[in-house]
Amino acid sequence: MKKLLMILGVAASAVACNQQTPTTVSNTASAPSIAYINNDTLSMHYKYAEDRNKEFRAQYEKAGKDLQVRIQKLQNEIVNFQKRAQAGLMSQNQIQKKQQELAKKEQELAIMKQSQEQGLMAENADILMEVKNRVKAHVDSVSEADNYSLVLGYDEATSTLIWSMPQVKDITWEVLEGLNAEYEKEAASKETEEKK
């Protein structure tokens, strides 16, 4: 922000130095319009993102439970095998075959777990990109409608925006209300379609 203000200051100084006769600044030439958005507020209150995250958490939990059931089933099979082998109910050949079978099942389970984790990570990345694209599209339309030259985003953890001039407008809630209205309209339309 300091760099931007410094650049604007240098540009204003250069324009002032190049003027040959002292004149008043014309009201017809407007200064760049700048706004900012609090990303923390946006991420906490954007209903579409909330809903998508709930869906993802449910999917994540279901996948975790399914995997846990499979792990438990394999552990029970291993325990039963060990009991039968120790009781002398299996031949050496049967023991070797069962060990190979259990090792293969363990390996398949590890591959399935890794694949599941990668799939969930990709799904989460898709959700984040989808949310980002929706926010950007809405901010683009707000910027065009309100003629903003620059829209900054900040969050509390990594913010470099400490202070701004009163002319710099906080459009966080305006953008958030617009995003939520778009999502509610989309959800209502989808619900109407499903009822048909």
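Residues numbered from 1 in each chain as written. Predicted model: local features only at pLDDT ≥ 70, side-chain atom pairs only at ≥ 80, totals over all residues. Heavy atoms only, no water.

*Asks:* Would you mind going over the pattern of salt bridges with me for this structure?
*Replies:* Side-chain pairing between opposite charges can occur once the charged atoms of the two side chains come close. Summed over all chains, the structure comprises 13 salt bridges. Measuring nitrogen to oxygen at the nearest pair gives 2.9 Å for the salt bridge that ties K105 to E77. Here the residue K105 occupies a position in helix α4 (residues 92-146), and E77 occupies one in helix α3 (residues 47-86), the gap between them amounting to 28 residues. Looking at K105, the relative accessible area reads 31%, which means it is partly exposed. Salt bridges sharing partners connect three or more residues here, namely R52, E55, E123 and E130. (Salt bridge = Lys/Arg side-chain N within 4 Å of Asp/Glu carboxyl O. Helix = DSSP H or I, 4+ residues; strand = E, 2+ residues; numbered from the N terminus. Buried < 20%, exposed > 50% of the residue type's maximum accessible area, 1.4 Å probe, protein only.)

*Asks:* I would appreciate a short explanation of the side chain of E77 in the present structure.
*Replies:* A relative accessible area of 18% places E77 in the buried class. For E77, the side chain forms a polar contact with the side chain of K105, separated by 2.9 Å. Every residue in contact with E77, bar those within four places of it in the chain, is listed here: K98, E101, L102 and K105. (Polar contact = N/O pair within 3.5 Å; in protein donor to acceptor, adjacent residues only side chain to side chain. Contact = heavy atoms within 4.5 Å.)

*Asks:* Looking at this structure, I do not really get the confidence of the model for the chain. What am I missing?
*Replies:* Interpreting fine coordinate detail is not advised for predicted regions of low pLDDT. On average, the chain scores 82 in pLDDT, and the residues at 70 or more come to 79%. Ignoring residues within four places in sequence, the model shows residues 1-29, a span with pLDDT below 50, making ten contacts including any to other chains. (pLDDT = per-residue confidence, 0-100.)

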